[in-house]
Amino acid sequence: NIALSSVLEPSSLSSYTSAVQSYVTFCCTHDFSIDPTTDTLSFYIIYICHFIKPKSVSSYLLGICNQLEVLYPNIRRNCAHLIVKQMLKGCRKI
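About the criteria used
Per chain, residue numbering runs from 1 following the sequence as it is written. Local features in a predicted model are, by the rule used here, given only for residues with pLDDT of at least 70; side-chain atom pairs are given and counted only at 80 or more, and totals for whole chains, interfaces and linings are based on all residues. The side-chain values count all of the structure's non-hydrogen atoms but skip hydrogen atoms and water molecules. Any two cysteine sulfur atoms lying within 2.5 Å of each other are counted as a disulfide. One number per residue, pLDDT, summarises how confident the predictor is, and it ranges from 0 to 100. By the convention used here, residues are in contact when the closest approach between their heavy atoms is within 4.5 Å. Each salt bridge in this description consists of a side-chain nitrogen of Lys or Arg and a carboxyl oxygen of Asp or Glu lying within 4 Å of one another. Buried residues are those whose accessible area, probed at 1.4 Å on protein chains only, stays under 20% of the maximum for their type, while exposed residues exceed 50% and partly exposed ones sit between those limits. The numbering of helices and of strands both runs from the N terminus, where a helix is a DSSP run of H or I of at least 4 residues and a strand a run of E of at least 2. Distance and chemistry together define a polar contact, namely a pair of N or O atoms within 3.5 Å, with one atom able to donate a hydrogen and the other to accept it when in protein, and with adjacent residues in sequence counting only for side-chain atoms on both sides.

### Some remarks on the state of the cysteines
Using the criterion set out here, one finds 1 disulfide in the structure. Cys28 takes part in no disulfide bond, and the closest cysteine sulfur, belonging to Cys27, lies 6.8 Å away.

### Describing the confidence of the model for the protein
Put simply, the protein has an average pLDDT of 86, and 84% of its residues get 70 or more. Between residues 1-6, whose pLDDT stays under 50, and residues either more than four places distant or in other chains, the model counts 6 contacts.

### A few points about the pattern of salt bridges
Per the stated rule, a full pass over the model turns up 1 salt bridge. Between Glu69 and Arg76 there is a salt bridge, with the nearest N and O atoms lying 3.1 Å from each other. Taking the relative accessible area as the measure of exposure, Glu69 reaches 31% and is therefore partly exposed.

### Section: the environment of Glu69
Along the chain, the position of Glu69 falls in the loop between helix H4 (57-68) and helix H5 (75-79). Beyond its immediate sequence surroundings of up to four residues, Glu69 is in contact with Ile64, Ile75 and Arg76. Among the polar contacts made by the side chain of Glu69, one reaches the side chain of Arg76 at a distance of 3.1 Å.

Have a look at this one:
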């Protein structure tokens, strides 16, 4: 987090932190592990599309990846997974 704060603009860091808080709240509320698996990320995409503009969901995922990559090194691979991409594509059509 300290390294990120020196690289990111304050507004980006704030947005990324907000995205992670949203993701963690989603996981806790729905009894999912915080571990960002392809399934959890897919469910999160469907969930968050009901609260923010569908086109903004990619930005949320980017923030989640940037903030959680230190703890979950596979997160970028999971975000690039076909099912996650398909969920994003479907979300944009809503």
